[in-house]
Amino acid sequence: MREYLQFYIDGAWVDPVAAKTADVINPATEAVAGRISLGSVADVDTAVAAARKAFGSWSQSTREERLDLLGAIQAEYARRQTELGDAIIEEMGAPASLAHGFHVGLGAGHLQTAIEVLRDFRFDEQRGATMIAREPIGVCALITPWNWPMNQTCVKIFPALATGCTMILKPPQLAPFSAQILTEILHTAGVPAGVFNMIQGSGSVIGTALSKHDDIDMVSFTGSEPVGVQIQQDAAPTVKRVALELGGKSPFIVLDDDALAANVGAATAGMMGNSGQTCSAGSRLLVPASRLDEAIAAARDAADGVTVGDPKGNVAMGPVVSRAQFDSIQGYIQQGLDEGATLVAGGLGRPDGIDQGWFVRPTVFVGTNAMSIAREEIFGPVLVIIGYDDVDHAVGIANDTTFGLAGYVNGTDLEQCRAVARRLRTGWISINGGFDFHAPFGGYKHSGNGREWGDFGFHEYLEIKSLLGYA
Ligand code: TAP
(Lines give C-alpha, C1' and ligand atoms only; values in the text may rest on other atoms or scores of the structure.)
Protein backbone atom coordinates (compact mmCIF):
# COMPACT_ATOMS: atom_id res chain seq x y z
CA MET A 1 0.00 0.00 0.00
CA ARG A 2 1.51 3.28 -1.14
CA GLU A 3 1.00 6.47 0.85
CA TYR A 4 1.92 9.71 -0.88
CA LEU A 5 0.47 12.39 1.34
CA GLN A 6 2.86 15.29 0.81
CA PHE A 7 3.31 17.71 -2.05
CA TYR A 8 6.57 19.05 -3.40
CA ILE A 9 6.76 22.84 -3.13
CA ASP A 10 9.77 25.16 -3.11
CA GLY A 11 12.30 22.32 -2.91
CA ALA A 12 10.71 20.50 0.04
CA TRP A 13 8.07 17.89 0.82
CA VAL A 14 5.23 19.71 2.55
CA ASP A 15 1.90 18.80 4.13
CA PRO A 16 -1.17 19.96 2.23
CA VAL A 17 -3.16 22.83 3.71
CA ALA A 18 -6.27 20.65 4.09
CA ALA A 19 -6.13 17.00 5.21
CA LYS A 20 -8.19 15.50 2.41
CA THR A 21 -7.18 12.20 0.80
CA ALA A 22 -8.32 9.84 -1.95
CA ASP A 23 -7.76 6.13 -2.49
CA VAL A 24 -6.08 4.93 -5.66
CA ILE A 25 -7.52 1.70 -7.03
CA ASN A 26 -5.47 -1.00 -8.78
CA PRO A 27 -7.60 -1.70 -11.88
CA ALA A 28 -6.45 -5.32 -12.13
CA THR A 29 -7.56 -6.28 -8.62
CA GLU A 30 -10.08 -3.54 -7.76
CA ALA A 31 -8.23 -3.28 -4.42
CA VAL A 32 -6.94 -0.08 -2.88
CA ALA A 33 -3.34 0.30 -4.01
CA GLY A 34 -2.56 3.54 -2.23
CA ARG A 35 -3.62 6.93 -0.98
CA ILE A 36 -2.83 10.46 -2.08
CA SER A 37 -3.64 13.87 -0.66
CA LEU A 38 -6.02 16.13 -2.52
CA GLY A 39 -4.75 19.68 -2.73
CA SER A 40 -6.64 22.94 -2.40
CA VAL A 41 -6.42 26.42 -3.91
CA ALA A 42 -4.19 27.52 -1.02
CA ASP A 43 -1.60 24.85 -2.01
CA VAL A 44 -1.71 26.17 -5.58
CA ASP A 45 -1.06 29.73 -4.41
CA THR A 46 1.98 28.62 -2.37
CA ALA A 47 3.40 26.64 -5.28
CA VAL A 48 2.85 29.45 -7.79
CA ALA A 49 4.60 31.94 -5.48
CA ALA A 50 7.56 29.55 -5.16
CA ALA A 51 7.73 29.03 -8.92
CA ARG A 52 7.53 32.79 -9.55
CA LYS A 53 10.36 33.45 -7.11
CA ALA A 54 12.53 30.72 -8.64
CA PHE A 55 11.89 31.98 -12.17
CA GLY A 56 14.14 34.96 -11.48
CA SER A 57 17.30 32.88 -11.22
CA TRP A 58 16.35 29.78 -13.26
CA SER A 59 15.42 31.90 -16.30
CA GLN A 60 18.97 33.29 -16.14
CA SER A 61 20.68 29.90 -15.74
CA THR A 62 23.18 28.91 -18.40
CA ARG A 63 22.83 26.16 -20.97
CA GLU A 64 25.54 24.24 -19.10
CA GLU A 65 23.71 24.50 -15.78
CA ARG A 66 20.53 23.17 -17.37
CA LEU A 67 22.43 20.37 -19.12
CA ASP A 68 24.06 19.43 -15.82
CA LEU A 69 20.68 19.20 -14.13
CA LEU A 70 19.16 17.13 -16.96
CA GLY A 71 22.19 14.82 -16.84
CA ALA A 72 21.78 14.31 -13.09
CA ILE A 73 18.07 13.59 -13.58
CA GLN A 74 18.94 11.08 -16.30
CA ALA A 75 21.22 9.14 -13.95
CA GLU A 76 18.60 9.10 -11.20
CA TYR A 77 15.80 8.19 -13.65
CA ALA A 78 17.85 5.20 -14.84
CA ARG A 79 18.50 4.15 -11.23
CA ARG A 80 14.79 4.11 -10.39
CA GLN A 81 13.30 2.90 -13.64
CA THR A 82 12.15 -0.44 -12.22
CA GLU A 83 10.23 1.36 -9.47
CA LEU A 84 8.63 3.61 -12.09
CA GLY A 85 7.52 0.61 -14.14
CA ASP A 86 6.10 -1.14 -11.07
CA ALA A 87 4.14 2.00 -10.16
CA ILE A 88 2.67 2.23 -13.67
CA ILE A 89 1.51 -1.41 -13.51
CA GLU A 90 -0.29 -0.71 -10.24
CA GLU A 91 -1.79 2.65 -11.06
CA MET A 92 -3.15 2.07 -14.57
CA GLY A 93 -2.77 -1.63 -15.28
CA ALA A 94 -0.22 -1.59 -18.11
CA PRO A 95 1.29 -5.06 -18.58
CA ALA A 96 4.79 -5.47 -17.13
CA SER A 97 6.59 -5.68 -20.46
CA LEU A 98 4.93 -2.47 -21.67
CA ALA A 99 5.23 -0.61 -18.35
CA HIS A 100 8.92 -1.40 -17.89
CA GLY A 101 9.56 -1.07 -21.61
CA PHE A 102 7.76 1.58 -23.60
CA HIS A 103 6.11 3.49 -20.73
CA VAL A 104 9.34 4.11 -18.83
CA GLY A 105 11.29 4.23 -22.10
CA LEU A 106 9.19 7.06 -23.51
CA GLY A 107 10.00 9.17 -20.45
CA ALA A 108 13.70 8.37 -20.81
CA GLY A 109 13.48 9.14 -24.52
CA HIS A 110 12.03 12.60 -23.92
CA LEU A 111 14.75 13.30 -21.37
CA GLN A 112 17.51 12.23 -23.76
CA THR A 113 15.87 14.25 -26.55
CA ALA A 114 15.70 17.38 -24.37
CA ILE A 115 19.41 17.01 -23.66
CA GLU A 116 20.23 16.59 -27.37
CA VAL A 117 18.08 19.55 -28.40
CA LEU A 118 19.40 21.80 -25.64
CA ARG A 119 23.04 21.22 -26.65
CA ASP A 120 22.55 23.07 -29.95
CA PHE A 121 19.32 25.00 -29.50
CA ARG A 122 19.42 28.54 -30.91
CA PHE A 123 17.93 30.82 -28.27
CA ASP A 124 19.34 33.93 -30.04
CA GLU A 125 19.18 34.50 -33.75
CA GLN A 126 20.66 37.56 -35.44
CA ARG A 127 19.07 38.82 -38.68
CA GLY A 128 20.95 41.86 -39.88
CA ALA A 129 20.76 44.54 -37.19
CA THR A 130 17.93 42.71 -35.43
CA MET A 131 18.38 40.15 -32.68
CA ILE A 132 15.55 37.69 -32.13
CA ALA A 133 15.76 36.31 -28.62
CA ARG A 134 13.82 33.29 -27.40
CA GLU A 135 13.16 33.61 -23.69
CA PRO A 136 11.42 31.29 -21.21
CA ILE A 137 7.72 32.11 -20.99
CA GLY A 138 7.66 31.97 -17.20
CA VAL A 139 5.67 29.91 -14.71
CA CYS A 140 3.96 26.95 -16.36
CA ALA A 141 1.13 24.68 -15.22
CA LEU A 142 1.50 21.14 -16.51
CA ILE A 143 -1.74 19.12 -16.38
CA THR A 144 -1.44 15.48 -17.42
CA PRO A 145 -3.65 12.40 -18.03
CA TRP A 146 -3.34 8.84 -16.73
CA ASN A 147 -2.98 6.84 -19.95
CA TRP A 148 0.77 7.23 -20.62
CA PRO A 149 1.80 8.85 -17.34
CA MET A 150 5.57 9.02 -17.85
CA ASN A 151 5.35 9.97 -21.51
CA GLN A 152 3.01 12.87 -20.95
CA THR A 153 4.77 14.13 -17.86
CA CYS A 154 8.30 13.92 -19.20
CA VAL A 155 7.41 15.47 -22.56
CA LYS A 156 6.38 18.59 -20.66
CA ILE A 157 8.81 18.78 -17.72
CA PHE A 158 12.09 18.38 -19.58
CA PRO A 159 11.55 20.99 -22.34
CA ALA A 160 10.18 23.36 -19.67
CA LEU A 161 13.30 22.86 -17.54
CA ALA A 162 15.60 23.09 -20.58
CA THR A 163 14.14 26.41 -21.68
CA GLY A 164 14.44 28.01 -18.23
CA CYS A 165 10.81 27.87 -17.14
CA THR A 166 9.53 27.01 -13.69
CA MET A 167 6.49 24.83 -13.21
CA ILE A 168 3.72 23.23 -11.20
CA LEU A 169 2.77 19.67 -12.17
CA LYS A 170 -0.78 18.38 -11.55
CA PRO A 171 -0.73 14.60 -12.13
CA PRO A 172 -3.94 12.58 -12.76
CA GLN A 173 -5.75 11.23 -9.69
CA LEU A 174 -6.17 7.86 -11.40
CA ALA A 175 -2.41 7.40 -11.93
CA PRO A 176 -0.53 9.52 -9.41
CA PHE A 177 2.20 7.11 -8.25
CA SER A 178 4.74 7.40 -11.06
CA ALA A 179 4.58 11.22 -10.93
CA GLN A 180 5.35 11.04 -7.22
CA ILE A 181 8.44 8.90 -7.90
CA LEU A 182 9.48 11.22 -10.72
CA THR A 183 9.26 14.12 -8.28
CA GLU A 184 11.58 12.25 -5.90
CA ILE A 185 13.96 11.75 -8.84
CA LEU A 186 14.00 15.47 -9.61
CA HIS A 187 14.56 16.32 -5.95
CA THR A 188 17.46 13.88 -5.56
CA ALA A 189 18.99 15.12 -8.81
CA GLY A 190 19.11 18.62 -7.32
CA VAL A 191 16.44 20.63 -9.11
CA PRO A 192 16.70 24.12 -7.56
CA ALA A 193 14.01 25.06 -5.04
CA GLY A 194 10.81 26.33 -6.62
CA VAL A 195 11.78 25.40 -10.20
CA PHE A 196 9.65 22.27 -10.12
CA ASN A 197 6.59 21.88 -7.87
CA MET A 198 4.03 19.08 -7.70
CA ILE A 199 0.51 19.10 -6.25
CA GLN A 200 -1.84 16.12 -6.38
CA GLY A 201 -5.58 16.64 -6.47
CA SER A 202 -8.64 16.86 -8.63
CA GLY A 203 -8.72 18.58 -11.97
CA SER A 204 -11.78 20.58 -11.04
CA VAL A 205 -9.98 22.12 -8.02
CA ILE A 206 -6.23 22.16 -8.78
CA GLY A 207 -6.51 22.24 -12.57
CA THR A 208 -9.07 25.03 -12.49
CA ALA A 209 -7.05 27.08 -9.98
CA LEU A 210 -3.95 26.73 -12.16
CA SER A 211 -5.80 27.62 -15.37
CA LYS A 212 -7.34 30.74 -13.81
CA HIS A 213 -4.28 31.86 -11.86
CA ASP A 214 -3.10 35.33 -12.84
CA ASP A 215 0.52 34.60 -12.01
CA ILE A 216 0.81 31.62 -14.35
CA ASP A 217 2.03 32.34 -17.88
CA MET A 218 1.16 29.12 -19.62
CA VAL A 219 -0.87 25.93 -19.26
CA SER A 220 0.26 22.81 -21.07
CA PHE A 221 -2.56 20.28 -21.02
CA THR A 222 -2.93 16.75 -22.31
CA GLY A 223 -6.30 15.11 -21.93
CA SER A 224 -9.85 15.09 -23.20
CA GLU A 225 -11.41 17.62 -25.53
CA PRO A 226 -14.11 18.91 -23.11
CA VAL A 227 -11.54 19.58 -20.40
CA GLY A 228 -9.23 21.25 -22.92
CA VAL A 229 -12.05 23.59 -23.95
CA GLN A 230 -12.82 24.33 -20.29
CA ILE A 231 -9.17 25.15 -19.59
CA GLN A 232 -9.04 27.50 -22.57
CA GLN A 233 -12.11 29.29 -21.25
CA ASP A 234 -10.73 29.46 -17.70
CA ALA A 235 -7.41 30.79 -18.98
CA ALA A 236 -8.87 33.39 -21.35
CA PRO A 237 -9.32 36.29 -18.88
CA THR A 238 -5.62 36.14 -17.96
CA VAL A 239 -4.54 35.82 -21.63
CA LYS A 240 -2.09 33.05 -20.80
CA ARG A 241 -0.78 30.69 -23.45
CA VAL A 242 -2.65 27.37 -23.57
CA ALA A 243 -1.19 24.34 -25.34
CA LEU A 244 -3.67 21.51 -25.87
CA GLU A 245 -2.95 17.88 -26.75
CA LEU A 246 -6.40 16.30 -26.99
CA GLY A 247 -8.03 13.16 -28.30
CA GLY A 248 -8.09 11.34 -31.60
CA LYS A 249 -9.86 8.80 -33.80
CA SER A 250 -6.92 8.02 -35.98
CA PRO A 251 -7.11 6.25 -39.34
CA PHE A 252 -4.80 3.34 -40.14
CA ILE A 253 -4.76 2.89 -43.92
CA VAL A 254 -3.58 -0.49 -45.20
CA LEU A 255 -2.78 -0.34 -48.90
CA ASP A 256 -3.76 -3.03 -51.38
CA ASP A 257 -0.63 -5.16 -51.75
CA ASP A 258 1.03 -8.43 -50.72
CA ALA A 259 1.64 -7.24 -47.18
CA LEU A 260 -2.06 -6.66 -46.42
CA ALA A 261 -2.56 -9.51 -43.95
CA ALA A 262 0.67 -8.77 -42.08
CA ASN A 263 -0.15 -5.05 -41.92
CA VAL A 264 -3.71 -5.68 -40.70
CA GLY A 265 -2.35 -8.02 -38.01
CA ALA A 266 0.23 -5.49 -36.86
CA ALA A 267 -2.33 -2.66 -36.86
CA THR A 268 -4.78 -4.72 -34.80
CA ALA A 269 -2.25 -5.87 -32.20
CA GLY A 270 -0.76 -2.38 -32.03
CA MET A 271 -4.14 -0.79 -31.42
CA MET A 272 -4.80 -3.16 -28.49
CA GLY A 273 -1.52 -2.13 -26.82
CA ASN A 274 -2.11 -0.15 -23.60
CA SER A 275 -5.68 -1.55 -23.80
CA GLY A 276 -6.42 0.91 -26.60
CA GLN A 277 -6.00 3.83 -24.18
CA THR A 278 -3.74 5.82 -26.47
CA CYS A 279 -4.68 9.18 -27.93
CA SER A 280 -2.93 8.30 -31.19
CA ALA A 281 -4.34 4.74 -31.44
CA GLY A 282 -5.14 3.71 -35.01
CA SER A 283 -8.73 2.89 -34.05
CA ARG A 284 -10.21 3.08 -37.59
CA LEU A 285 -8.63 0.44 -39.81
CA LEU A 286 -9.19 1.22 -43.49
CA VAL A 287 -8.74 -1.75 -45.83
CA PRO A 288 -9.56 -2.37 -49.50
CA ALA A 289 -13.24 -3.42 -49.67
CA SER A 290 -12.34 -6.01 -52.29
CA ARG A 291 -10.19 -7.80 -49.70
CA LEU A 292 -12.40 -7.34 -46.66
CA ASP A 293 -12.64 -11.07 -45.87
CA GLU A 294 -8.86 -11.43 -45.86
CA ALA A 295 -8.52 -8.36 -43.63
CA ILE A 296 -11.20 -9.61 -41.23
CA ALA A 297 -9.45 -12.97 -40.89
CA ALA A 298 -6.11 -11.31 -40.15
CA ALA A 299 -7.64 -8.88 -37.64
CA ARG A 300 -9.59 -11.65 -35.91
CA ASP A 301 -6.45 -13.78 -35.59
CA ALA A 302 -4.49 -10.85 -34.17
CA ALA A 303 -7.22 -9.83 -31.69
CA ASP A 304 -7.81 -13.41 -30.55
CA GLY A 305 -4.03 -13.74 -30.11
CA VAL A 306 -3.83 -10.84 -27.64
CA THR A 307 -3.25 -12.39 -24.23
CA VAL A 308 -5.23 -10.62 -21.49
CA GLY A 309 -4.69 -10.99 -17.76
CA ASP A 310 -2.74 -10.01 -14.66
CA PRO A 311 -0.52 -7.15 -15.82
CA LYS A 312 2.26 -8.33 -13.50
CA GLY A 313 2.46 -11.49 -15.63
CA ASN A 314 3.53 -12.17 -19.17
CA VAL A 315 0.50 -10.79 -21.03
CA ALA A 316 0.01 -8.39 -23.91
CA MET A 317 -2.92 -6.54 -22.38
CA GLY A 318 -3.97 -5.66 -18.84
CA PRO A 319 -7.19 -4.04 -17.66
CA VAL A 320 -8.46 -0.59 -18.58
CA VAL A 321 -7.83 2.09 -16.00
CA SER A 322 -11.07 2.21 -14.02
CA ARG A 323 -14.61 1.00 -13.62
CA ALA A 324 -15.88 4.19 -15.31
CA GLN A 325 -13.64 3.51 -18.30
CA PHE A 326 -14.77 -0.15 -18.40
CA ASP A 327 -18.45 0.88 -18.32
CA SER A 328 -17.92 3.49 -21.01
CA ILE A 329 -16.22 0.97 -23.32
CA GLN A 330 -18.98 -1.61 -22.72
CA GLY A 331 -21.46 1.11 -23.67
CA TYR A 332 -19.66 1.69 -26.97
CA ILE A 333 -19.54 -2.05 -27.75
CA GLN A 334 -23.29 -2.23 -27.13
CA GLN A 335 -23.78 0.85 -29.33
CA GLY A 336 -21.77 -0.83 -32.12
CA LEU A 337 -24.06 -3.86 -31.93
CA ASP A 338 -27.17 -1.65 -31.82
CA GLU A 339 -26.03 0.34 -34.86
CA GLY A 340 -25.57 -2.85 -36.87
CA ALA A 341 -21.79 -3.17 -36.94
CA THR A 342 -20.57 -6.74 -37.44
CA LEU A 343 -18.67 -8.10 -34.46
CA VAL A 344 -15.72 -10.23 -35.61
CA ALA A 345 -13.73 -10.56 -32.37
CA GLY A 346 -14.28 -9.95 -28.65
CA GLY A 347 -17.49 -8.30 -27.53
CA LEU A 348 -19.29 -7.47 -24.32
CA GLY A 349 -18.11 -8.52 -20.87
CA ARG A 350 -14.80 -9.63 -19.45
CA PRO A 351 -12.59 -12.15 -21.25
CA ASP A 352 -13.37 -15.80 -20.42
CA GLY A 353 -11.95 -16.94 -17.10
CA ILE A 354 -11.58 -13.43 -15.65
CA ASP A 355 -14.17 -12.33 -13.10
CA GLN A 356 -12.46 -9.42 -11.37
CA GLY A 357 -10.67 -6.29 -12.53
CA TRP A 358 -11.52 -3.94 -15.37
CA PHE A 359 -10.56 -6.26 -18.20
CA VAL A 360 -12.10 -5.75 -21.65
CA ARG A 361 -12.10 -8.26 -24.52
CA PRO A 362 -9.99 -7.23 -27.53
CA THR A 363 -12.84 -6.30 -29.83
CA VAL A 364 -13.05 -5.85 -33.59
CA PHE A 365 -16.06 -4.61 -35.53
CA VAL A 366 -16.64 -4.16 -39.24
CA GLY A 367 -18.65 -1.01 -39.70
CA THR A 368 -19.00 2.31 -41.46
CA ASN A 369 -17.46 5.68 -40.75
CA ALA A 370 -20.90 7.03 -39.84
CA MET A 371 -21.27 4.78 -36.78
CA SER A 372 -20.57 6.22 -33.35
CA ILE A 373 -17.87 3.56 -32.77
CA ALA A 374 -16.02 5.13 -35.74
CA ARG A 375 -16.70 8.75 -34.82
CA GLU A 376 -16.14 8.93 -31.06
CA GLU A 377 -12.96 8.26 -29.14
CA ILE A 378 -13.61 5.04 -27.23
CA PHE A 379 -10.24 4.89 -25.48
CA GLY A 380 -10.40 1.12 -25.20
CA PRO A 381 -9.41 -2.01 -27.18
CA VAL A 382 -12.13 -1.60 -29.79
CA LEU A 383 -11.15 -1.47 -33.45
CA VAL A 384 -13.47 -0.65 -36.37
CA ILE A 385 -12.62 -2.01 -39.82
CA ILE A 386 -13.97 0.07 -42.71
CA GLY A 387 -13.70 -0.94 -46.37
CA TYR A 388 -12.58 1.54 -49.03
CA ASP A 389 -13.05 1.39 -52.82
CA ASP A 390 -9.86 3.17 -53.89
CA VAL A 391 -7.18 5.41 -52.40
CA ASP A 392 -9.26 8.59 -52.87
CA HIS A 393 -12.10 6.95 -50.97
CA ALA A 394 -9.68 5.89 -48.19
CA VAL A 395 -8.35 9.44 -47.82
CA GLY A 396 -11.91 10.78 -47.75
CA ILE A 397 -12.91 8.40 -44.95
CA ALA A 398 -9.68 9.09 -43.05
CA ASN A 399 -10.28 12.84 -43.07
CA ASP A 400 -14.00 12.58 -42.33
CA THR A 401 -13.64 13.16 -38.57
CA THR A 402 -13.53 16.08 -36.19
CA PHE A 403 -10.16 14.84 -34.91
CA GLY A 404 -6.73 15.17 -36.54
CA LEU A 405 -4.11 13.77 -34.21
CA ALA A 406 -2.41 10.79 -35.86
CA GLY A 407 -2.53 8.66 -38.97
CA TYR A 408 -0.87 5.50 -40.22
CA VAL A 409 -0.16 4.31 -43.74
CA ASN A 410 1.26 0.84 -44.35
CA GLY A 411 2.18 -0.56 -47.72
CA THR A 412 5.03 -1.89 -49.80
CA ASP A 413 5.04 1.01 -52.29
CA LEU A 414 6.73 3.82 -50.36
CA GLU A 415 5.85 6.40 -53.04
CA GLN A 416 2.17 5.60 -52.64
CA CYS A 417 2.44 5.65 -48.83
CA ARG A 418 4.01 9.12 -49.01
CA ALA A 419 1.35 10.41 -51.37
CA VAL A 420 -1.48 9.14 -49.14
CA ALA A 421 0.20 10.45 -45.96
CA ARG A 422 0.52 13.93 -47.49
CA ARG A 423 -3.26 14.03 -48.01
CA LEU A 424 -4.18 13.23 -44.39
CA ARG A 425 -5.32 16.13 -42.20
CA THR A 426 -3.49 14.99 -39.08
CA GLY A 427 -0.45 16.26 -37.25
CA TRP A 428 1.53 13.03 -36.87
CA ILE A 429 1.64 10.23 -39.44
CA SER A 430 3.64 7.04 -39.19
CA ILE A 431 4.53 5.28 -42.45
CA ASN A 432 5.25 1.56 -42.02
CA GLY A 433 5.89 1.98 -38.29
CA GLY A 434 8.14 5.05 -38.48
CA PHE A 435 8.94 6.57 -35.08
CA ASP A 436 11.09 9.56 -34.08
CA PHE A 437 11.52 11.29 -30.70
CA HIS A 438 12.57 14.50 -32.48
CA ALA A 439 9.46 14.73 -34.68
CA PRO A 440 6.77 17.18 -33.50
CA PHE A 441 3.63 15.57 -32.08
CA GLY A 442 0.24 17.28 -31.90
CA GLY A 443 -3.10 17.62 -33.56
CA TYR A 444 -5.04 19.32 -36.32
CA LYS A 445 -8.69 20.24 -35.81
CA HIS A 446 -10.24 19.23 -32.46
CA SER A 447 -7.14 17.25 -31.48
CA GLY A 448 -5.34 20.29 -30.15
CA ASN A 449 -3.26 23.29 -30.99
CA GLY A 450 0.34 22.81 -29.94
CA ARG A 451 3.30 20.61 -30.80
CA GLU A 452 5.35 18.66 -28.30
CA TRP A 453 8.44 16.42 -28.72
CA GLY A 454 11.89 17.47 -29.93
CA ASP A 455 12.82 21.07 -30.64
CA PHE A 456 9.19 21.95 -31.48
CA GLY A 457 8.40 21.08 -27.86
CA PHE A 458 10.90 23.72 -26.73
CA HIS A 459 9.10 26.47 -28.66
CA GLU A 460 5.95 25.83 -26.59
CA TYR A 461 7.79 27.21 -23.54
CA LEU A 462 9.47 30.19 -25.21
CA GLU A 463 8.48 33.80 -25.80
CA ILE A 464 9.96 35.66 -28.75
CA LYS A 465 11.56 39.06 -28.30
CA SER A 466 12.66 41.26 -31.21
CA LEU A 467 15.56 43.59 -30.46
CA LEU A 468 15.77 46.02 -33.36
CA GLY A 469 18.92 48.05 -33.89
CA TYR A 470 20.74 45.49 -31.74
CA ALA A 471 23.83 45.27 -33.92
P1 TAP B 1 -9.13 14.33 -18.70
O2 TAP B 1 -10.30 13.88 -17.95
O3 TAP B 1 -9.28 15.45 -19.63
O4 TAP B 1 -8.02 14.66 -17.58
C5 TAP B 1 -6.72 15.07 -17.90
C6 TAP B 1 -6.16 15.89 -16.75
O7 TAP B 1 -6.92 17.08 -16.62
C8 TAP B 1 -6.25 15.18 -15.40
O9 TAP B 1 -5.12 15.52 -14.63
C10 TAP B 1 -7.51 15.79 -14.81
O11 TAP B 1 -7.56 15.72 -13.40
C12 TAP B 1 -7.39 17.21 -15.29
N13 TAP B 1 -8.65 17.96 -15.28
C14 TAP B 1 -9.92 17.47 -15.22
N15 TAP B 1 -10.81 18.49 -15.21
C16 TAP B 1 -10.10 19.63 -15.26
C17 TAP B 1 -10.46 21.02 -15.30
N18 TAP B 1 -11.72 21.43 -15.28
N19 TAP B 1 -9.46 21.93 -15.36
C20 TAP B 1 -8.17 21.55 -15.40
N21 TAP B 1 -7.77 20.25 -15.36
C22 TAP B 1 -8.73 19.30 -15.30
O23 TAP B 1 -8.49 13.20 -19.58
P24 TAP B 1 -8.14 11.72 -19.15
O25 TAP B 1 -9.42 10.98 -19.03
O26 TAP B 1 -7.22 11.71 -18.01
O27 TAP B 1 -7.31 11.23 -20.42
C28 TAP B 1 -7.93 10.73 -21.53
C29 TAP B 1 -8.03 11.75 -22.64
O30 TAP B 1 -6.75 12.33 -22.89
C31 TAP B 1 -8.43 11.15 -23.96
O32 TAP B 1 -9.38 11.96 -24.58
C33 TAP B 1 -7.15 11.13 -24.78
O34 TAP B 1 -7.29 11.14 -26.14
C35 TAP B 1 -6.47 12.33 -24.28
N36 TAP B 1 -5.04 12.23 -24.52
C37 TAP B 1 -4.46 12.98 -25.49
C38 TAP B 1 -3.14 12.88 -25.74
C39 TAP B 1 -2.51 13.71 -26.79
S40 TAP B 1 -0.91 13.80 -26.80
N41 TAP B 1 -3.20 14.36 -27.66
C42 TAP B 1 -2.35 12.03 -25.01
C43 TAP B 1 -2.95 11.27 -24.03
C44 TAP B 1 -4.31 11.39 -23.79
P45 TAP B 1 -8.19 14.47 -12.61
O46 TAP B 1 -7.04 13.99 -11.81
O47 TAP B 1 -9.29 15.02 -11.77
O48 TAP B 1 -8.68 13.50 -13.62
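S.K.: Go over the overall build of the chain, please, and point to the residues and values.
M.R.: Across its full length, the chain carries 15 helices and 20 strands. Relative to a compact globule of 471 residues, whose C-alpha radius of gyration would be 23 Å, the chain shows 22 Å and is just as compact. If one aligns the C-alpha atoms of the chain with their principal axes, the spans along those axes are about 65 × 60 × 40 Å. In the chain, which comprises 471 residues, the share counted as buried stands at 58%. In the chain, the share of contacts with a sequence separation of at least 24, taken over all contacts with a separation of at least 6, comes to 73%. Considering the chain, the positive charge centre built from 34 side chains and the negative charge centre built from 53 side chains are found 4 Å apart.

S.K.: Please give an account of the site of the ligand that cites residues and values.
M.R.: Near the ligand there are 29 residues, and of these Thr144, Gln152, Ser224, Leu246 and Glu377 occur at the shortest range. A distance of 2.7 Å separates an oxygen atom of the ligand from a polar backbone atom of Gln173. In the model, an oxygen atom of the ligand is placed 2.8 Å from a nitrogen or oxygen of the Gly203 main chain. Alone, the ligand offers 910 Å² of accessible surface; in the complex the protein occludes 86% of this. Where the shell around the ligand is concerned, the elements lending two or more residues are helix H7 (203-212), strand E11 (218-222) and helix H8 (225-235). Across the shell around the ligand, the residue classes break down as 12 nonpolar, 14 polar and 3 charged.

S.K.: Report on H7, specifying residues and quantitative values.
M.R.: Restricting attention to buried positions, one finds in H7 the residues Ile206, Gly207, Ala209, Leu210 and Ser211. If you follow the buried residues of H7, they end up packed against helix H1 (41-58), strand E8 (139-143), strand E9 (166-170), E11 and H8.

S.K.: Mind laying out the sheet that holds strand E5 (residues 32-37), listing which residues take part and the relevant values?
M.R.: Across the sheet, 3 strands lie side by side as E1-E5-E4; this open sheet has mixed pairing. Strand pairing shows two members of the sheet lacking a second neighbour, strand E1 (2-4) and strand E4 (21-25), which therefore form its edges. In this sheet, adjacent strand axes meet at a mean angle of 20° when their direction is disregarded. Inspection of the sheet shows E1 paired to E5 by 3 bridges, in the parallel sense.

S.K.: So, the packing of aromatic side chains: which residues are in play, and what are the values?
M.R.: For any two aromatic rings, the description comes down to two numbers: the centre-to-centre distance and the angle of the planes. What the rule picks out here adds up to 16 aromatic pairs. With 6.3 Å between their ring centres and 35° between their planes, Tyr8 and Phe196 make a pair best called tilted. Of this pair, Tyr8 sits in strand E2 (residues 7-9) while Phe196 sits in strand E10 (residues 196-198), and the two are 188 residues apart along the sequence. Classification of Tyr8 by relative accessible area gives buried; the value is 1%. Ring centres 5.9 Å apart and planes at 55° place the aromatic pair Phe102 and Phe435 in the tilted group. Here Phe102, found in helix H4 (residues 96-120), pairs with Phe435, found in the loop between strand E19 (428-431) and helix H15 (454-459); they are 333 residues apart in sequence, far enough to count as distant. Connected via pairs of aromatic rings, a cluster forms that spans Phe102, Trp148, Phe252, Tyr408, Trp428, Phe435, Phe437, Phe441 and Trp453. Seen from the ring of Phe123, Arg66 lies directly overhead, with NZ or CZ sitting 5.8 Å from the centre. Of note, Arg350 hangs over the ring of Phe326, and the distance from its end group to the ring centre comes to 5.6 Å.

S.K.: So what's going on with helix H14 (residues 414-422)? Residues and values would help.
M.R.: The set of residues buried in H14 consists of Cys417, Val420 and Ala421. Viewed along the axis of H14, the buried residues span an arc of 100°, placing them on a single side of the element. Residues of H14 that are exposed and point more than 90 degrees away from the buried face comprise Glu415 and Arg422. On the buried face of H14, the contacting elements are strand E13 (251-254), helix H13 (391-399), strand E18 (406-410) and E19.

S.K.: Outline the nonpolar core, listing residues and values.
M.R.: In terms of nonpolar packing, the biggest core is built from 100 residues, with Leu70, Ile73, Ile157, Phe158 and Leu161 touching the most fellow members. If you tally residues by element for this core, the top one is H4, at 10 residues. Apart from the residues lying within four places of it in its own chain, the contact partners of Ile73 are Leu111, Phe158, Leu161, Ile185, Leu186 and Ala189. Counting residues in hydrophobic clusters, the runner-up holds 29 residues, among them Leu286, Ile373, Ile378 and Ile386.

Parameters and conventions
Residues numbered from 1 in each chain as written. Predicted model: local features only at pLDDT ≥ 70, side-chain atom pairs only at ≥ 80, totals over all residues. Heavy atoms only, no water. Helix = DSSP H or I, 4+ residues; strand = E, 2+ residues; numbered from the N terminus. Rg over C-alpha atoms; globule rule 2.2 N^0.38 Å. Buried < 20%, exposed > 50% of the residue type's maximum accessible area, 1.4 Å probe, protein only. Contact = heavy atoms within 4.5 Å. Lys, Arg positive; Asp, Glu negative; His and termini not counted. Charge placed at Lys NZ, Arg CZ, Asp CG, Glu CD. Near = heavy atom within 4 Å. Polar contact = N/O pair within 3.5 Å; in protein donor to acceptor, adjacent residues only side chain to side chain. Areas by Shrake-Rupley, 256 points an atom, 1.4 Å probe, with all protein chains shown as cover. Nonpolar A, V, L, I, M, F, W, Y, C, P; charged D, E, K, R; others polar. Pairing = 2+ DSSP bridges. Axes fitted to C-alpha atoms, helices over the stretch in contact; angles between N-to-C directions. Phe/Tyr/Trp six-rings, centres within 6.5 Å; stacked < 30°, edge-to-face > 60°. Lys NZ or Arg CZ within 6 Å of the ring centre and 35° of its normal. Arc of directions from axis to C-beta. Core = buried A, V, L, I, M, F, W, Y, C linked by side-chain atoms within 4.5 Å.

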